[in-house]
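# Summary of the model geometry
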Amino acid sequence: MSNVKAALAVIKQMAPAFNADVALVLGSGMGGVVDAISEAIHINYADLPGFPRPTVEGHGGKLVLGRIGAVSVAVMQGRAHYYEHGRSDLMAEPLEVLRELGAGQLILTNAAGSLLAEATPGNLMLITDHISLFGPNPLIGYHGADRFVDMNVPYDPEIGAGLHHTAAELGVPLFEGTYAWCTGPSFETPAEIRALRVMGADAVGMSTVPENILARRLGFRVAAISNITNLAAGMSKTALSHEQTLEMAKEGSANLIRILLRYFAQAR
Ligand code: HPA
């Protein structure tokens, strides 16, 4: 049996009637979303064939199924990063499982560095486009015409508009811009950030882009929000570290959670 079928069988056993509307991937420090899920069923990744084994502190390892308001959500608390294993396709099977559960929308969250002086730590940025030139495309090795994914509109404008609307209602500033995927795990150098700025990047991070590409192939409508945890390298005197990312993620995650909960509460 394929990993996807085997994972679906485990899910069907634990949550026989569950059907997802929206899938959500939580980034560093975003675990708090899970507390707002009602009728929650928690399944450890360890019990789901093909799901990642997170090695990064701050990334739980659970799939949580339940409801937020009227919306049925499947939440991945923790993701796989390219830098953990050297494979950019590690989220392929989990995303297929989420799609099989019925999810049509995928909302990705991440922690990121900002290249915009005005988007300071604690702020949020809606990702409207991305730069994926520094790591391998997750679809390398796939066969079939559907590997040639159209990337003209990588992030869904309607979901983005909805998230902007919700943020405005809450009075939470929501920047928007282009996210550059760098493989990590070392942070970028100041020269790399200057180069990325010339290329058009507004934020930089180590995730999300491979998932976006895999999800677009599967037909998901994708939205993504960065939780800005620092100004990018060379823009401030603060030394960058994972501890700093986790600490600063707490600031923005409270607002990101508010936006997501209200967005879901108003959906449908
Ligand atoms: N660079 C890359 N990834 C990140 C950063 C950064 O500055 N901050 C949080 N994740």
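Residues numbered from 1 in each chain as written. Predicted model: local features only at pLDDT ≥ 70, side-chain atom pairs only at ≥ 80, totals over all residues. Heavy atoms only, no water.

### Some thoughts on the layout of surface pockets
If you add up the space inside the largest pocket, you get close to 360 Å³. What lines the largest pocket is a set of 26 residues, among which A111, F187, M206, H242 and T245 lie closest to the centre. For the lining of the largest pocket, the elements supplying multiple residues, two or more each, are β5 (105-114), β8 (203-205), β9 (221-231) and α7 (242-266). Among the elements that line the lining of the largest pocket, the one with the most residues is β5, at four residues. Looking at the lining of the largest pocket residue by residue, the classes come out as eleven nonpolar, 13 polar and two charged. (1 Å grid on protein atoms, 1.4 Å probe; cavity = no way out; pocket = protein on both sides within 12 Å on 5 of 7 lines; lining within 4 Å. Points joined across faces, edges and corners; volume = space filled by probe spheres on them. Helix = DSSP H or I, 4+ residues; strand = E, 2+ residues; numbered from the N terminus. Nonpolar A, V, L, I, M, F, W, Y, C, P; charged D, E, K, R; others polar.)

### Regarding empty space enclosed by the protein
With the rule as written, the count across this model stands at one cavity of 30 Å³ or more. The computed volume of the largest cavity comes to approximately 80 Å³. Surrounding the largest cavity, A80, H81, Y82, R87, S88, L90, M91, W181, M206, S207, P210 and E211 form its lining. Split by residue class, the lining of the largest cavity holds seven nonpolar, three polar and two charged.

### Comments concerning the site of the ligand
Near the ligand you find A111, A112, G113, F187, E188, V204, G205, M206, T229, N230, L240 and T245, and these make up its full shell. Contacts to the ligand include G113, whose backbone N or O atom sits 3.3 Å from a nitrogen atom. One of the side-chain nitrogen or oxygen atoms of N230 is found 2.7 Å away from a nitrogen atom of the ligand. Coverage of the ligand by the protein chains reaches 96% of its 260 Å² of free accessible surface. Taken atom by atom, the bulk of the ligand overlaps the largest pocket. (Near = heavy atom within 4 Å. Polar contact = N/O pair within 3.5 Å; in protein donor to acceptor, adjacent residues only side chain to side chain. Areas by Shrake-Rupley, 256 points an atom, 1.4 Å probe, with all protein chains shown as cover. Sits in = over half its atoms within 2 Å of the grid points.)

### With respect to the UniProt feature "binding site: phosphate" (unreviewed entry) in the protein
Per the UniProt record, "binding site: phosphate" (unreviewed entry) is annotated on S28, H59, R79, A80, H81, A111 and S207. Of the annotated positions mentioned, A80, H81 and S207 line the largest cavity. Position of S28 relative to the elements: it lies in the loop between β1 (22-26) and β2 (38-44). By relative accessible area, which is 8% here, S28 ends up buried. Topologically, R79 is positioned in the loop between β4 (71-77) and α2 (82-85). On the basis of relative accessible area, R79 is assigned to the buried category, the value being 1%. (UniProt positions renumbered as here; feature names shortened; annotations may be inferred. Buried < 20%, exposed > 50% of the residue type's maximum accessible area, 1.4 Å probe, protein only.)

### A word on helix α1 (residues 3-14)
With twelve residues, α1 extends 17 Å between its outermost C-alpha atoms, agreeing within 8% with the 16 Å of an ideal straight helix rising 1.5 Å per residue. Along α1, the positions that sit buried rather than exposed are V4, A6, A7, L8 and I11. Contacts from the buried residues of α1 go to β2, β3 (62-68) and α3 (92-100). (Expected span 1.5 Å × (residues − 1). Contact = heavy atoms within 4.5 Å.)

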